[in-house]
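One letter stands for each residue in the lines below.
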Amino acid sequence: MKKTDGTSSIYVTQPVLPALEEFMPYLEKIWANKILTNSGPFHHELEQALCEYLGVKHLCLFANATIALITALQSLRINGEVITTPYSFVATAHSLLWNGIKPVFVDIDPVTFNLDADKIEAAITPQTSAIMPVHCYGRPCDVDRIQKIADNYGLKLIYDAAHAFGVQYHGNSLLNFGDLSILSFHATKVFNTFEGGAIVCPDAKTKQHIDHLKNFGFVDEVTVVAPGINGKMSEFNAALGLLQLKGIDAVLDARQKIATQYRSRLENVTGITCVGDIADSKPNHSYFPILVEADYVMSRDALFQKLREHEIYARRYFYPLISDFPMYRGLPSASHQNLPVAREIASKVICLPIYPDLSEADVDRIADLIAH
Ligand SMILES: Cc1ncc(COP(=O)(O)O)c(C=O)c1O
């Protein structure tokens with residue numbers, strides 16, 4: 001909404017949408033063939049197109065990433081305890097509770113803000129069945145070390161890759177690490193289908209099992225092999241995904257430009273740290289986190305309020321920590337002394353607005369407010 005001084009409210013993100021008229025032919029096809037869901041032609045086409053674009057072998061589309069996370073855990077029969085991060089969106093840990101699994105929080109690394117590989121082993125017990133790290137902000141976890149730990153202890157490794165669409169690491173898709181990776185195509189994500197998600201898996205047999213689980217466990221008309229759920233993506237969302245995919249490279253380029261502009265404007269501001277890219281990765285700039293350090297002119301929350309007063313709605317992702325929410329804070333691993341790094345980062349972070357339609361002038365306006 002435009003204000004009288006010509007400026008508008010700016011949110012942390014704004015969904016990318018294709019031109020409406022370009023979507024009409026897709027809708028006409030759906031209206032003509034009357035296939036709305038249940039693995040229709042657009043669903044099939046989007047799975048193929050995403051495998052090709054992302055450089056992965058198999059992918060199962062879902063209605064959203066939360067159902068995909070819940071189903072991923074079911075598909076590998078994970079139970080007991082799972083090691084995970086407190087520095088994420090609540091859905092990561094909620095997917096464990098929905099499966100009756102106890103989350104065990106391990107602190108994060110001060111550079112990547114992802115699970116600290118040095119601290120994982122001490123949290124493993126005879127009940128541990130898996131590790132579920134998050135590639136937070138799409139910045140890669142220490143995948144090689146975490147895989148070694150999983151292998152040594154016979155644990156499954158499921159990545160919450162909700163932020164990691166299109167990210168490359170060591171010249172490979174980041175989604176090819178671990179046993180399974182889960183993507184989100186929510187409206188706020190780099191690639192959106194309004195709502196949506198996917199599980200990336202390494203082989204056709206696993207894909208088939210997951211496809212059964214997301215369709216109530218049906219194998220055929222009369223055979224149900226598991227207490228599956230309804231996790232299917234509709235034809236509407238899949239069709240939109242196909243159209244969105246045509247514009248994804250432009251989206252990633254635009255994000256890169258904004259990140260570069262923020263960095264050049266903010267890197268010399270005393271007390272502001274721009275969170276850097278991880279070496280040997282091709283980032284997607286899904287977020288632009290900064291840390292407000294003790295030597296900045298005001299506190300993190302004062303800066304957050306100052307931006308709001310100018311109708312710039314940055315977000316404190318991820319504050320509070322998941323481990324501070326009522327359903328988790330009683331866990332021994334949620335204690336303050338167990339998670340000092342996560343606590344410190346959560347107290348300093350602000351994610352600045354970043355989305356393709358954010359203008360150079362808006363980035364300058366935000367940077368000016370932070371710099372002065
Ligand atoms: C790290 C992480 N995991 C899971 C989710 C859940 O995704 P969805 O909204 O598609 O269910 C999100 C969503 O924002 C997220 O940021």
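Here the structure is a predicted model, which is why all the values come from computation and not from measurement.

Rules used throughout
Residues numbered from 1 in each chain as written. Predicted model: local features only at pLDDT ≥ 70, side-chain atom pairs only at ≥ 80, totals over all residues. Heavy atoms only, no water. Disulfide = S-S within 2.5 Å. Buried < 20%, exposed > 50% of the residue type's maximum accessible area, 1.4 Å probe, protein only. Helix = DSSP H or I, 4+ residues; strand = E, 2+ residues; numbered from the N terminus. Right-handed = clockwise from strand over helix to strand, strands pointing away. Near = heavy atom within 4 Å. Polar contact = N/O pair within 3.5 Å; in protein donor to acceptor, adjacent residues only side chain to side chain. Areas by Shrake-Rupley, 256 points an atom, 1.4 Å probe, with all protein chains shown as cover. Nonpolar A, V, L, I, M, F, W, Y, C, P; charged D, E, K, R; others polar. Contact = heavy atoms within 4.5 Å. Core = buried A, V, L, I, M, F, W, Y, C linked by side-chain atoms within 4.5 Å. Pairing = 2+ DSSP bridges. Axes fitted to C-alpha atoms, helices over the stretch in contact; angles between N-to-C directions. Salt bridge = Lys/Arg side-chain N within 4 Å of Asp/Glu carboxyl O.

**Student:** Before we go on, may I ask you to explain the state of the cysteines in this structure?
**Tutor:** Defined simply, a disulfide is a covalent bond joining two cysteines at their sulfur atoms. What the rule picks out here adds up to zero disulfides. Here cysteine 51 is not disulfide-linked; the sulfur of cysteine 201 is the nearest cysteine sulfur, at 8.2 Å. The structure places no disulfide on cysteine 201, whose sulfur is separated from the nearest cysteine sulfur, that of cysteine 60, by 4.3 Å. Judged by its relative accessible area of 2%, cysteine 201 is buried.

**Student:** Explanation requested: the pairing of strand 6 (residues 156–160) in the structure shown.
**Tutor:** Remark: a regular strand shows side chains that alternate across the two faces of the sheet. Burial within strand 6 is extensive, with four of its five residues counted as buried. Crossover strand 5 (residues 128–132) to strand 6 through helix 6 (residues 143–153) is right-handed.

**Student:** Mind showing me how you'd approach the site of the ligand here?
**Tutor:** Residues in close proximity to the ligand total 15 residues, the closest being Thr66, Asp160, His163, Ser184 and Lys189. Separating an oxygen atom of the ligand from a side-chain N or O atom of histidine 163 is a distance of 2.8 Å. Contacts to the ligand include lysine 189, whose side-chain N or O atom sits 2.6 Å from an oxygen atom. When isolated, the ligand has an accessible area of 390 Å², and the protein chains bury 91% of it. Listing elements by their share of the shell around the ligand, those giving two or more residues are helix 3 (65–75) and helix 4 (91–97). The element that contributes the greatest number of residues to the shell around the ligand is helix 3, accounting for three residues. Residue classes in the shell around the ligand are distributed as five nonpolar, eight polar and two charged.

**Student:** Would you explain the environment of glycine 55 in this entry?
**Tutor:** Mapped onto the elements of the fold, glycine 55 is located in the loop between helix 2 (41–54) and strand 2 (58–62). Once the C-alpha coordinates of glycine 55 and isoleucine 158 are considered, the two residues, 103 residues apart in sequence, prove to be 18 Å apart. Beyond its immediate stretch of four places on either side in the chain, glycine 55 contacts Leu50, Ser173 and Asn176.

**Student:** For this particular structure, what's the right way to read the nonpolar core?
**Tutor:** Within soluble globular proteins, side chains that are nonpolar tend to cluster in buried spots. Among the nonpolar cores identified, the biggest contains 54 residues, and Leu50, Leu59, Ile83, Ile120, Ile131, Phe165 and Phe185 are the most heavily contacted of them. When residues of this core are assigned to their parent elements, the largest contribution, six residues, is made by helix 8 (residues 235–246). Grouped together as the second largest cluster of nonpolar side chains are 27 residues, Val269, Ile272, Tyr355 and Leu369 included.

**Student:** Is there a simple way to think about the sheet that holds strand 17 (residues 349–352) in this case?
**Tutor:** Strands in a sheet are paired, the pairing made by backbone hydrogen bonds, and the direction either parallel or antiparallel. One open sheet holds the three strands; their spatial order is 13-15-17, and the pairing between them is antiparallel. Because the sheet does not close on itself, it has two edges, and the strands there are strand 13 (272–274) and strand 17. Ignoring strand direction, the axes of neighbouring strands in this sheet form an average angle of 30°. The pairing of strand 15 (residues 288–292) with strand 17 spans four bridges and is antiparallel. Counted as the bridge partner of phenylalanine 288 is leucine 352 from strand 17. Each of strand 13, strand 15 and strand 17 touches helix 9 (residues 248–266); the most contacted strand, strand 15, lies at about 20° to it.

**Student:** How do you make sense of the pattern of salt bridges when you look at a structure like this?
**Tutor:** Pairs can form between side chains of opposite charge whenever their charged atoms are close. Using the criterion set out here, one finds 17 salt bridges in the structure. Of the charged contacts, one joins aspartate 277 and arginine 263 as a salt bridge, the two residues approaching to 3.6 Å between their closest N and O atoms. Remark: arginine 263 occurs in helix 9 and aspartate 277 occurs in the loop between strand 13 and strand 14 (281–282); sequence separation between them is 14 residues. Classification of aspartate 277 as partly exposed rests on a relative accessible area of 43%. Connected through shared salt-bridge partners, Glu47, Lys207, Asp211 and Lys214 make up one network.

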